[in-house]
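Fold and geometry: a report
Here are the chains, one letter per residue:
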Amino acid sequence: MISRRIYAAALATLAWLAAFPQTRLTLEECIAAAEKNNYGVRAAETGAEKARIMQGTAWDMERTSLSLSQDPTSGGSPDNSLSVSQSFEFPTVYALRRKSLKAETEVAKSRAKLSRKQLAAQVAETYVQMVFALEKKRILSEQDTIASEYLRLATVRYGAGEARQLEKLTASRMKSENSMELESADAELLTLRHRMQELLNTAEEILPAEGELKPLPWDGGAEFDFSRTAEGEYSYNTLETARRKVSEAKGGWLPSFSIGLSGQMVLKGWNPYNVDRSRFKGGDFMGFEVGVGLPLFFGPTRAKVRAATKDRETAELYAMQARQRGETEYRVQRDKCLAARRRIDRYRGGGLAEAREMERIAKVSYENGDIGYVEYMQSLMESSDTRLKYAETVRDYNLAVLRLRNMLK
């Protein structure tokens, strides 16, 4: 009868899941959909594209000046002219600025790459948690069926005077606690579904394609090399940008230049003083002007260089901190992975087999009349509790494996 009730509980769980429009996706499909639709990743990629476009501003110069000069008290002299002038920095300044902008583009690209990596990690962890939540709900549903039958039997036995009130209270407590855990599992699964919808930026109800919780393959991985990770690449590019900013700030010591051309121009219709403004018979006057701007006030440039140097030192410190944090986190996750793997091996080596054997012996003993219904149900509860602990261990192991895999990218 218990097996029929467990089967009914499983059907009820499937019916509950079927009440919502669902899409079942593999982990790879979820990650691909998230990278395509997630707002955060799209914003990071847009930022990288903006940084690339901004490289075109490296050769930005001051506006070209166009001026018309008319002196009504002067004849056809150069005071009546049309002039054009242009100021520009020392050519090295533009080259330094371009290198700085290219470095900023690399930072934006590595930031987008890091954003995709972090998103993939969030999707993967949410996915594993959903697989575990479904397994936990299935086990708790089986336990709820057992606890309900236990409470029914204890109530009947107590009413018939065949059991004490303590047995009925124990059965009621067991049923109540399991029901609360089942409600909590439902809420946890619903939260994870909403979280997956947010990560994938979709209104569809996403469920894992995997129907079974099992350990992920892991061969120990390669040695952790921070410089080859997305975090290492981002730290390096950030530091390189800070170095380029120092060089760009030092460009403030270099001079600037200006050049101008002017041509004689007389507006004959404007001569309020009736001055003879006829042009020079040999032709229009032409002139030019070349200037050099020297940085005579060194204080501002010196301050900019010192500030940029401090930014570079800050970037170096953050890079060292990121390396230290990454190496420490890798060791922590590796230790968690190994510990969970040992627990899985123990469960597979004896714990799960003992739980199955407990169910078999309890069933045979109950059918032979060696134990009562209460002992039979208690044995089933203990067996399902072992399977739940095993599922939690597999969940912890898979999360550690995913984090280790992600840290090596």
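Computed from a predicted structure; not experimentally measured.

So, how was this worked out
Residues numbered from 1 in each chain as written. Predicted model: local features only at pLDDT ≥ 70, side-chain atom pairs only at ≥ 80, totals over all residues. Heavy atoms only, no water. Helix = DSSP H or I, 4+ residues; strand = E, 2+ residues; numbered from the N terminus. Rg over C-alpha atoms; globule rule 2.2 N^0.38 Å. Areas by Shrake-Rupley, 256 points an atom, 1.4 Å probe, with all protein chains shown as cover. Phe/Tyr/Trp six-rings, centres within 6.5 Å; stacked < 30°, edge-to-face > 60°. Buried < 20%, exposed > 50% of the residue type's maximum accessible area, 1.4 Å probe, protein only. Lys NZ or Arg CZ within 6 Å of the ring centre and 35° of its normal. 1 Å grid on protein atoms, 1.4 Å probe; cavity = no way out; pocket = protein on both sides within 12 Å on 5 of 7 lines; lining within 4 Å. Points joined across faces, edges and corners; volume = space filled by probe spheres on them. Contact = heavy atoms within 4.5 Å. Polar contact = N/O pair within 3.5 Å; in protein donor to acceptor, adjacent residues only side chain to side chain. Salt bridge = Lys/Arg side-chain N within 4 Å of Asp/Glu carboxyl O. Patch = residues over 30% accessible without salt bridge, like charges linked within 9 Å, V, L, I, M, F, W, Y side chains within 5 Å. Pairing = 2+ DSSP bridges. Axes fitted to C-alpha atoms, helices over the stretch in contact; angles between N-to-C directions.

In this section: the overall build of the chain. Scanning the chain for helices and strands turns up 8 helices and 6 strands. For the chain, the α and β elements follow one another from N to C terminus as α-β-α-α-β-β-α-α-β-α-β-β-α-α. Here the C-alpha atoms of the chain give a radius of gyration of 38 Å, more than 25% beyond the 22 Å that 2.2 N^0.38 yields for 409 residues. For the C-alpha atoms alone, the extent of the chain along its principal axes is close to 135 × 45 × 35 Å. Working note: accessible area of the chain is about 23,900 Å², and carbon and sulfur atoms make up 54% of it.

Turning our eyes to something else, we now look at the packing of aromatic side chains. Two aromatic rings are characterised by how far apart their centres lie and by the angle between their planes. Scanning the entire structure with this criterion turns up 6 aromatic pairs. An angle of 25 degrees between the planes, with centres 5.2 Å apart, marks the rings of Phe 224 and Tyr 330 as stacked. Pair noted here: Phe 224 is in the loop between β4 (205–208) and α6 (230–250) and Tyr 330 is in helix α7 (residues 299–368), with a separation of 106 residues, a long-range link. Comparing Phe 224 with Tyr 330, the two get one shared label, buried. Members of the aromatic cluster, each reached through a chain of ring pairs, are Phe 88, Phe 90 and Phe 257. Arg 341 extends its terminal NZ or CZ atom over the ring of Tyr 397, reaching a point 5.1 Å from the ring centre. The cationic tip of Arg 395 hangs over the ring face of Phe 132; the distance from NZ or CZ to the ring centre is 4.3 Å.

A volume near 360 Å³ is recorded for the second largest pocket. Residue lining of the second largest pocket: 16 residues in total, with Lys 117, Glu 231, Glu 329, Asn 406 and Met 407 positioned closest to the centre. Of all elements in the fold, only α4 (91–159), α7 and α8 (373–407) reach the threshold of two or more residues within the lining of the second largest pocket. Tallying contributions element by element places α7 first for the lining of the second largest pocket, with 5 residues.

Examined against the element boundaries, Ser 383 turns out to sit in helix α8. Residues Ser 383 and Glu 354, spaced 29 residues apart in sequence, show a C-alpha to C-alpha distance of 8.3 Å. Discounting chain neighbours no more than four positions away, the residues touching Ser 383 are Ala 355, Met 358 and Glu 359. Within the local environment of Ser 383, its side chain forms a polar contact with the backbone oxygen of Ala 355, the two atoms lying 3.2 Å apart.

Once that is clear, we can look at the pattern of salt bridges. Under the counting rule described, the total for this entry stands at 24 salt bridges. For Arg 403, the salt bridge identified is with Glu 125, shortest N-O distance 2.8 Å. Within this pair, whereas Arg 403 is found in helix α8, its partner Glu 125 is found in helix α4, the two being separated by 278 residues in sequence. Owing to a relative accessible area of 24%, Glu 125 belongs among the partly exposed residues under this scheme. With a shortest N-O distance of 3.2 Å, Glu 177 and Arg 173 are connected by a salt bridge. Residue Glu 177 and its partner Arg 173 are located together in helix α5 (residues 165–200), separated by 4 residues, close to a single helical turn.

Okay, a nonpolar patch on the surface next. Together, Leu 66, Leu 68, Leu 82, Val 84, Ile 259, Leu 261, Leu 267, Trp 270, Phe 288 and Val 290 make up an exposed nonpolar region whose accessible area comes to about 990 Å². Elements represented by at least two residues in the nonpolar patch include exactly β2 (65–69), β3 (81–89), β5 (256–264) and β6 (286–293). Among the residues examined, Trp 270 registers a relative accessible area of 40% and is labelled partly exposed.

If you trace the backbone, Gln 70 turns up in the loop between β2 and β3. Residue classification places Gln 70 among the buried positions, given a relative accessible area of 16%. One polar contact links the side chain of Gln 70 to the main-chain carbonyl oxygen of Met 265, over a distance of 2.5 Å. Here Leu 267 takes part through its backbone nitrogen, which lies 3.3 Å from a polar atom of the side chain of Gln 70. In contact with Gln 70, other than residues within four places in its own chain, are Asp 79, Asn 80, Ser 81, Met 265, Val 266, Leu 267, Trp 270 and Arg 277.

Let's shift gears to the sheet that holds β5. The pairing of strands in a sheet happens through backbone hydrogen bonds and is either parallel or antiparallel. In space, the 4 strands of this open sheet follow the order β2-β3-β5-β6, with antiparallel pairing throughout. Bordering the open sheet on either side are β2 and β6, each of which pairs with just one other strand. Taking each pair of neighbouring strands and ignoring which way they run, the sheet shows an average axis angle of 15 degrees. As defined by bridge partners, β3 adjoins β5 across 9 bridges and the pair is classed as antiparallel. Within β5, the residue paired with Leu 82 across the bridge is Gly 263.

Moving on to the environment of Arg 405. Mapped onto the secondary structure, Arg 405 falls in helix α8. Taking C-alpha positions, Arg 405 is 9.6 Å from Gly 220, a pair spaced 185 residues apart along the chain. Not counting residues up to four positions away in its chain, the partners in contact with Arg 405 are Leu 216, Pro 217 and Trp 218.

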